[in-house]
Amino acid sequence: MFYQELINYKLKMDKRELIKSLREKLNIKGCKVDSKGAGVVSLRKTFRDSIYQILFSYKKYSGEYVLAPYLTGWKSFDAVENILERHYDSVGIDQPLVTIYLISRRIEKIGEIAIRSDEDIDKVAPYLRELIEEDIMPFFQNYNALQDVYFQVLKYNNDYSKINKFLFSPQPIRRIIINRLCDNPNWQEYGQSVFDGFKKASTGPQAKIYQGYIKFLPSLLEELALIKPIC
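On a predicted model such as this, the values are computed, not experimentally measured, just so you know. (Residues numbered from 1 in each chain as written. Predicted model: local features only at pLDDT ≥ 70, side-chain atom pairs only at ≥ 80, totals over all residues. Heavy atoms only, no water.)

**A look at the pattern of salt bridges**
Here is step 1 of the chain: According to the stated counting rule, one finds 12 salt bridges in the structure shown.
Here is step 2 of the chain: Across the pair Lys109 and Glu112 runs a salt bridge whose closest N-O atoms are separated by 3.8 Å.
Here is step 3 of the chain: A relative accessible area of 57% places Glu112 in the exposed class.
Here is step 4 of the chain: Each of Arg105, Glu130, Glu134 and Asp135 takes part in one network of salt bridges that share partners. (Salt bridge = Lys/Arg side-chain N within 4 Å of Asp/Glu carboxyl O. Buried < 20%, exposed > 50% of the residue type's maximum accessible area, 1.4 Å probe, protein only.)

Rendered as structure tokens:
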């Protein structure tokens, strides 16, 4: 009897139904659902020059989902990610095209609620809504333009413990692009220092990670030298 109940629960909701129900219960309009990632579903909204995405991580047990007690916000600026995507493609790198990100506060109660059906989302929705309204949406709004991102990085003043929790990895490469697009006079000097550092790291313990980057960094720097700043 118990085993049959688990089977029935499993049939009630798949990943796509989970994220569609979350969108409905949280009343987030204009977002497309994405259920392709492993252990995560998300809501995505596209604007003229940027994309934002709210990610819901989860664990799946027999017949039920348990959401992580936090949310993640991704924001991608086309001006940055379109450049990076071309160079990623040139060397076969497959990584998310995300400019900045935020991990929200934790509300542990979220992780205590098993989601077996659409009705269970009503129990967790108030906590998720709190994180979206108080953490994720203000983050998206505070960095409405690429220049806002640029100024924030300047404020961090090379405090990498903060920059690494703001710019998506590999943050030094995104920082080169942002510096150029926002007309930082030292962008080339910084870009060369990143290339030199990555080249040195490409022979170390994490060689594989850096070898792909150093293949395209020279051509990236050449391209950036030819484009005009936008902010």
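After that view, the rundown keeps rolling.
**Overview of helix α5 (residues 146-156)**
Here is step 1 of the chain: Along α5, the residues classified as buried are Leu146, Val149, Tyr150, Gln152, Val153 and Tyr156. Take α5 and look down its axis: the buried residues cluster within an arc of 165°, on one side only.
Here is step 2 of the chain: Its buried side turned inward, α5 meets β5 (72-77), α3 (78-91), β6 (100-103), α6 (160-163) and α7 (171-181).
Here is step 3 of the chain: Trailing α5 by a residue or two, Asn157 shows a phi angle of about 50°, which is positive. (Helix = DSSP H or I, 4+ residues; strand = E, 2+ residues; numbered from the N terminus. Arc of directions from axis to C-beta. Contact = heavy atoms within 4.5 Å.)

**Topic: the packing of α7 against helix α9 (residues 207-226)**
Here is step 1 of the chain: Between α7 and α9, whose axes approach to 11 Å, the crossing angle comes to 5°. One element, α7, and the other, α9, form an angle in the roughly parallel class. Taking contact as the criterion, the partners of Ile173, Ile176, Ile177 and Arg180 in α7 are, on α9, Tyr213, Phe216, Leu217, Leu220, Leu221, Leu224 and Ala225. (Axes fitted to C-alpha atoms, helices over the stretch in contact; angles between N-to-C directions. Parallel < 35°, antiparallel > 145°, perpendicular 65-115°, else oblique.)

**Considering the side chain of Asn184**
Here is step 1 of the chain: Take Asn184: it is sitting in the loop between α7 and α8 (187-201).
Here is step 2 of the chain: Judged by relative accessible area, which is 11%, Asn184 ranks as buried.

**Section: the packing of aromatic side chains**
Here is step 1 of the chain: All chains considered together, the criterion is met by 15 aromatic pairs.
Here is step 2 of the chain: When the centroid spacing of 5.5 Å and the interplanar angle of 75° are considered together, the rings of Trp74 and Phe168 count as edge-to-face. Linking Trp74 in strand β5 with Phe168 in the loop between α6 and α7, this pair joins segments that are 94 residues apart in sequence.
Here is step 3 of the chain: Between Phe198 and Tyr210, the aromatic rings sit 4.9 Å apart at their centres with planes inclined by 75°, giving edge-to-face as the arrangement. Pair noted here: Phe198 is in helix α8 and Tyr210 is in helix α9, with a separation of 12 residues, a long-range link.
Here is step 4 of the chain: In this structure, Arg175 packs its charged tip against the face of Tyr190, placed 5.0 Å from the ring centre. (Phe/Tyr/Trp six-rings, centres within 6.5 Å; stacked < 30°, edge-to-face > 60°. Lys NZ or Arg CZ within 6 Å of the ring centre and 35° of its normal.)

**Quick look at the environment of Tyr156**
Here is step 1 of the chain: When you line up the elements, Tyr156 lands in helix α5.
Here is step 2 of the chain: C-alpha of Tyr156 to C-alpha of Leu102: the two residues are 54 residues apart in sequence and 15 Å apart in space.
Here is step 3 of the chain: Residues contacting Tyr156, with those up to four places away along its chain left out, are Lys162, Ile163 and Phe166.

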